[in-house]
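Letter by letter, the chains look like this.
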Amino acid sequence: MPSSSTTFARVSRVASRMYGRLFSANPYPLYKFLRTRYPLLRTPIGFWISTRYDNCLEVLRDKRFLAFDLNALDAFPPDDGLKSMREALQHAIVFRNPPDHTRLRRLMTTFFSPAVVNGLEPRIQHIVDYLLDAVEARGSMDLIKDVAFPFPIDVLAEVMGADDADKPMFRDWMRTLGVPLDPVISANDPGVEVRQAIADVQRYFSDLAADRRKHPREDLISIMVAAEGRGDLQTEEELVFSAMFTLLAGHETTMNMIGNGMLALFRNPDALARLRSDPSLIESALDEFLRFDSPVQVTFRTASEDIELSGRTIPRGDHVVVFLGAANRDPLRFADPDQLDIARTENHHLSFAAGPHRCIGEVLAKVEGRIAFETILRRMPKLALADPNPKWRPAMSLRGLQSLPLTF
Ligand code: HEM
């Protein structure tokens, strides 16, 4: 007889596959149904699904909702790769609570401040240019494979202090490590091998930290090593996994902002023409791309005590699934939410979350987005969609395209 947790895991795999097939191309009708009919839906396994903007914001801001308790995933018997990923993630800032969270956040916020990020602009511009140089003669490209995938990981490799020669290795790690972050993809690929990649990343950052202890530079690993000296980072594991989580947090999210945003422009030719004729709209356009098709669709929180929300009581220990992508299309918060409006003002979307865990990399992501869109549109005036129906990755939490073939 299969145990109840095995049955539960099987059921959730089937549900995940169904979600991947039916909804990943367009989850918005499902979100609308939930927002209208079941805005705060309690599932039998103690996960509450929240889809309205005001509820999502309240959960994210209320400190009684703690970082998601990874032990809740014990109900899913993990395969080897997932188990290693879970072990690694428990050190990550996004799964920590005060006082550790406060300490780690102070350190990371300093590094990703506007002053530091603005200093990276010339390097970021250089990276976009060399990726476009490589495809220029071809007259066609896959925006995801050729630009949106390598771009943010090459930037992050430099931020960490890696040599250029190590960039291909960083790209390989991301191909492997992105997979188990999503419940749908990992349910479909239970055998995926991530243990080796995690061990490789761990060894790489340990070695880099050892080098920077002797020869400090201005990169993130040197800042982390200095923090270690002050007691702000408490163990070698904390240093290594903070670096690894930064790669995970800053890579696929930025890639999806670029891919989803470019597709939204092609599907709204007036917006594309407007942005071409008035590039100063790029800042509001980026926020609108993020609202319209959020790269991170879902995040989780765990109730530390019984908490009233919208007239219901969320019992201590229950979890809330915060659907950022659904909140961003809530008509009670945004006028004409299903319309892309690149000049939208007061665009307080939840794509970077809110409250204590609000994204630390927002400034970097936006500089990367601005430079990528400006450079691509300027260098490729005849850019056109080669496939009107590009495929989405069958994922639930990270929303992005598998490929986006373009001609220019
Ligand atoms: C468009 C790109 C990005 C999007 C949409 C995005 C989105 C998010 C979201 C939704 C969260 C909150 C997660 C939660 O509360 O559970 C988050 C947290 C975080 N992000 Fe980003 N992110 C992006 C880029 C970046 C970049 C470039 C970096 C750094 C290199 C970064 C670093 C982080 C970190 C360290 C956290 C954890 C903060 C904490 O727990 O206090 N992100 N991000």
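Presented here is a report on the structure given in the accompanying data block. None of these values were measured; they are calculated from a predicted model.

The rules behind the values
The written sequence of each chain sets the order in which its residues are numbered from 1. Residue-level local features of this predicted model are given only where pLDDT is at least 70; pairs of side-chain atoms are given and counted only at 80 or more, and the full residue set underlies all totals for whole chains, interfaces and linings. For the side-chain quantities, the full set of heavy atoms in the structure was used; hydrogens and water were omitted. Throughout, near means a residue has at least one heavy atom within 4 Å of the molecule or strand. Pairs of N or O atoms are called polar contacts if they sit within 3.5 Å, as long as, within protein, a hydrogen donor faces a hydrogen acceptor (for residues adjacent in sequence, only side-chain-to-side-chain pairs). Strands are runs of DSSP state E lasting at least two residues, helices are runs of H or I lasting at least four, and both sets are numbered from the N terminus onward. Under the scheme applied here, ten amino acids are nonpolar (Ala, Val, Leu, Ile, Met, Phe, Trp, Tyr, Cys and Pro), four are charged (Asp, Glu, Lys and Arg), and all others, including Gly, are polar. When DSSP locates at least two bridges between a pair of strands, those strands are taken to pair. For helices, the axis comes from a line fit to the C-alpha atoms of the stretch in contact; other axes are also lines fit to C-alpha atoms, and the angle between any two N-to-C directions lies between 0 and 180 degrees. Note on contacts: a residue pair qualifies if any of its non-hydrogen atoms lie within 4.5 Å across the two residues. To pair, rings of Phe, Tyr and Trp, with the six-membered ring standing in for Trp, must have centres within 6.5 Å; the planes then decide the type, stacked if under 30 degrees apart, edge-to-face if over 60, and tilted in the middle. Only protein chains enter the accessibility calculation, which uses a 1.4 Å probe; a residue whose area is less than 20% of its type maximum is buried, one above 50% is exposed, and one in between is partly exposed. When the sulfur atoms of two cysteines come within 2.5 Å, that pair is taken as a disulfide.

Near the ligand lie 29 residues; those nearest to it are Arg-105, Thr-299, Arg-301, His-357 and Cys-359. One of the side-chain N or O atoms of His-101 is found 2.7 Å from an oxygen atom in the ligand. His-357 is positioned such that a nitrogen or oxygen atom in its side chain is 2.7 Å from an oxygen atom of the ligand. Elements represented by at least two residues in the shell around the ligand include exactly helix H5 (100-111), helix H14 (236-267), strand E5 (298-303) and helix H18 (362-379). The element that contributes the greatest number of residues to the shell around the ligand is H14, accounting for seven residues. Residue classes in the shell around the ligand are distributed as 18 nonpolar, nine polar and two charged.

Across a sheet, strands are paired by hydrogen bonds formed along the backbone, either parallel or antiparallel in direction. Sheet architecture is open: five strands sit in the order E1-E2-E8-E5-E3, paired in mixed fashion. Whereas interior strands pair on both sides, the edge strands pair on one side only; in this sheet they are strand E1 (40-42) and strand E3 (65-67). Neighbour-to-neighbour, the strand axes of the sheet open up by a mean angle of 35°, direction not taken into account. Those strands touched by helix H3 (residues 53-61) are E1, strand E2 (47-50), E3, E5 and strand E8 (319-323), and its axis lies near 125° from that of E8.

Looking now at the packing of aromatic side chains. A full pass over the atoms with the stated rule returns 14 aromatic pairs. Here Tyr-28 and Tyr-31 contribute two aromatic rings whose centre-to-centre distance is 5.5 Å and whose plane-to-plane angle is 85°, an arrangement assigned as edge-to-face. Here Tyr-31 and Tyr-28 lie together in helix H2 (residues 28-37), a separation of three residues that amounts to about one turn. Of the residues examined, Tyr-28 reaches a relative accessible area of 9% and is grouped as buried.

This next bit is on the state of the cysteines. Covalent bonding between the sulfur atoms of two cysteines defines a disulfide. One pass over the structure, following the stated rule, counts zero disulfides. Lacking any disulfide linkage, Cys-56 is separated from the closest cysteine sulfur, that of Cys-359, by 17 Å. For Cys-56, a relative accessible area of 0% puts it in the buried group.

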